[in-house]
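# Tertiary structure, described
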Amino acid sequence: MRLSNATLADLPAAVARPAYDRSAVTPGIVHIGPGAFHRAHQAAYVDAILTHDPRWGISAVALNSTGVADALAPQDGLYTLALLGQATEHRVIGSIVELLTAQRRDAILSRIAAPVTRLITTTVTEKGYYLDASGALDLDHPAIVRELIGAEPSTLSGWLVAGLAARRAAGGGAITLMACDNLAENGQRFRRSVRDLAAARDPDLAGWIDDNVRFPSTMVDSITPATDDALRASVRAATGLDDAWPIQREAFTQWVIEDDFAADRPPLDLAGAQFTRDVRGFENAKLRLLNGAHSTLAYVGLLMGLTTVRDAMACAPLAAFAGRLMREDIAPSIQPPAEMDLSAYIADVLARFANPAIAHQLAQIAWDGSQKLPYRLCDTIRDARAAGRPVDRLAVPIAAWFRFLELRQRSGEQLVDPRAYALLARAGNVAALLAMGEVFGDLGADAVFVAAVDRAYAALAPGEDLAAALV
Ligand code: CS2
């Protein structure tokens, strides 16, 4: 039997299920990019508030594939969320009440235009915003050039410019656009991704966006390993139902949201989210400490032949290095919110990394390094250089990334990165890699940083004792 509205009643009592009438839920949220993290994080928070207000259901819009819709439509949008703690807890999530794919152009535009739609959220990963090193929309990117010449929308920017134009024409009113990706100041970057295209194609629409659209920044956090057959089997055993695409994540979750909404604000605080006027302290701590350490464990761990984050944390020299990097090199660059104790936060993050219940693949974290490292490490390195702090340890994950590129080049295994061709063409040439301005900006010309990368790169050479490089 398959999970669906019709089989919800068959679930064992131990499995939580929607505590609201799904037929009464209307989609007040359009989410673009309903990948695993959205379904692990935002959709779970929304599921928890629908008993309070059924007007915040989710219309999930997938721009690049039909996989999610193919998997969840036969399940009426339902899926199982497995929370991997000491024991595994299962919840069936019912907040996704509509599934649209790019083929449904008119349905997507009218959903964005509808007055009942008051919030658009996105998880399209860092590369989905098409930003250049300055944080502006990259108007020279081929995908954006296609949008500029008026081709059918294919990018987040293109779909939202078309959708907001339809909303303006239909008198749909003010709306909030909320990025839920790991970008620094993600609200401002999302705004550039949309408004820059509008300004290039329809200046009046750009003015309408200025007057009617707010782009709050957010910090999102919950470790969400990819779904695998083991999860499908364990969910089947726990629920007695087949679920084509269950999701797994750690028990920990956090969502900090800038309280800057154009109209209605969903009561997400009732589900544990936190509204605040200034997200930056939370965002810097998370992006630079957690994600910076994650990328470090990924690239160094893969060079060591390790496969999961918990394996990397079981490697004493690597785990100790990650702790030193966080405490001594990343933490000084962060102005935490008053209520945050950074050393306790670091200890919590390291404990989360070591969670024996989670097999988080280092190779998954290693994806899209050219898009992730600017926020996760380069901003920290830039701050350290400006403050005259050493960058020797911070140079190690950068050098490890360079060595990882050579590993991928030698093995022929796919390098998952929108800049894969440019990176592989430069693999083995540190100066050429550091000269990639879209990743390193001005750091590529910083002699102290370049020298530190050269030293770390030599220490990470094949055949060297990699643990000795972990200063
Ligand atoms: C990870 C993140 O895949 C990655 O790059 O570092 O997805 C990480 O698991 C989340 O940001 C944790 O909240």
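Residues numbered from 1 in each chain as written. Predicted model: local features only at pLDDT ≥ 70, side-chain atom pairs only at ≥ 80, totals over all residues. Heavy atoms only, no water.

### Describing unusual backbone geometry
Here Tyr-130, not a glycine, exhibits a phi torsion of approximately 55°, which is positive. Take Tyr-130: it is sitting in the loop between β6 (119–122) and α5 (142–148). Here Asp-368, not a glycine, exhibits a phi torsion of approximately 55°, which is positive. Residue classification places Asp-368 among the buried residues on the basis of a relative accessible area of 4%. (Helix = DSSP H or I, 4+ residues; strand = E, 2+ residues; numbered from the N terminus. Buried < 20%, exposed > 50% of the residue type's maximum accessible area, 1.4 Å probe, protein only.)

### Looking at the site of the ligand
In the vicinity of the ligand, the contacting residues are Asn-182, Asp-221, Ser-222, Lys-286, Leu-290, Asn-291, His-294, His-360, Ile-365, Lys-372 and Arg-376. Take Asn-182: an N or O atom from its side chain is 3.1 Å from an oxygen atom of the ligand. A distance of 2.6 Å is found between an oxygen atom of the ligand and a side-chain nitrogen or oxygen belonging to Asp-221. If the ligand stood free it would expose 340 Å²; the protein chains cover 90% of that surface. Counting only elements with at least two residues in the shell around the ligand, the list comes to α10 (280–303) and α15 (369–387). Top contributing element to the shell around the ligand by residue count: α10, with four residues. Residues that form the shell around the ligand fall into these classes: two nonpolar, five polar and four charged. (Near = heavy atom within 4 Å. Polar contact = N/O pair within 3.5 Å; in protein donor to acceptor, adjacent residues only side chain to side chain. Areas by Shrake-Rupley, 256 points an atom, 1.4 Å probe, with all protein chains shown as cover. Nonpolar A, V, L, I, M, F, W, Y, C, P; charged D, E, K, R; others polar.)

### Some words on the domain arrangement of the protein
By domain assignment, the protein separates into domain 1 (5–276) and domain 2 (280–469). The C-alpha-based centres of domain 1 and domain 2 are spaced at 28 Å. Residue-level contacts link 29 residues of domain 1 with 27 residues of domain 2. Counting the surface lost from both domain 1 and domain 2, the interface buries some 2100 Å², and carbon and sulfur atoms represent 58% of this. (Domains from an automatic or database assignment. Contact = heavy atoms within 4.5 Å. Buried area = accessible area lost by both parts, 1.4 Å probe.)

### Side note on helix α13 (residues 342–353)
Along its 12 residues, α13 runs 16 Å from first to last C-alpha, staying within 8% of the 16 Å computed at 1.5 Å per residue. Among all positions in α13, only Leu-342, Tyr-345, Ile-346, Val-349, Leu-350, Arg-352 and Phe-353 are buried. Taken end-on, α13 shows its buried residues confined to a sector of 160°, consistent with a single buried face. Residues of α13 that are buried sit in contact with β9 (218–221), β10 (247–250), α10, α11 (309–314) and α12 (316–330). (Expected span 1.5 Å × (residues − 1). Arc of directions from axis to C-beta.)

### Examining the environment of Ala-425
Following the sequence through the fold, Ala-425 ends up in helix α17 (residues 420–426). Using a relative accessible area of 58% as the deciding quantity, one classes Ala-425 as exposed. Sequence separation between Ala-425 and Arg-324 is 101 residues, and the spatial gap between their C-alpha atoms is 33 Å.

### What about the environment of Gly-135?
Tracing the chain through its elements places Gly-135 in the loop between β6 and α5. The class for Gly-135 is buried, based on a relative accessible area of 7%. In sequence terms Gly-135 and Phe-190 are 55 residues apart; their C-alpha atoms lie 9.5 Å from each other.

### A look at helix α8 (residues 203–212)
What α8 keeps buried is the set Leu-205, Ala-206, Trp-208 and Ile-209. Buried residues of α8, viewed axially, fall in a sector of 160°; they line one side. Facing away from the buried side of α8 by more than 90 degrees, the exposed set consists of Pro-203, Asp-204 and Asp-211. Elements that come into contact with the buried residues of α8 comprise α6 (156–170), α7 (186–201) and β8 (213–214).

### Considering the packing of α12 against helix α16 (residues 392–411)
Direction vectors running N to C along α12 and α16 enclose 125°, while the axes themselves pass 9 Å from each other. In terms of orientation, α12 and α16 fall into the oblique class. Between α12 and α16 lies a crossing whose hand is left-handed. Contact residues: α12 offers Phe-321, Arg-324, Leu-325, Glu-328, Asp-329 and Ile-330, while α16 offers Arg-393, Leu-394 and Val-396. (Axes fitted to C-alpha atoms, helices over the stretch in contact; angles between N-to-C directions. Parallel < 35°, antiparallel > 145°, perpendicular 65-115°, else oblique. Left-handed = near helix turned anticlockwise from the far one by under 90°.)

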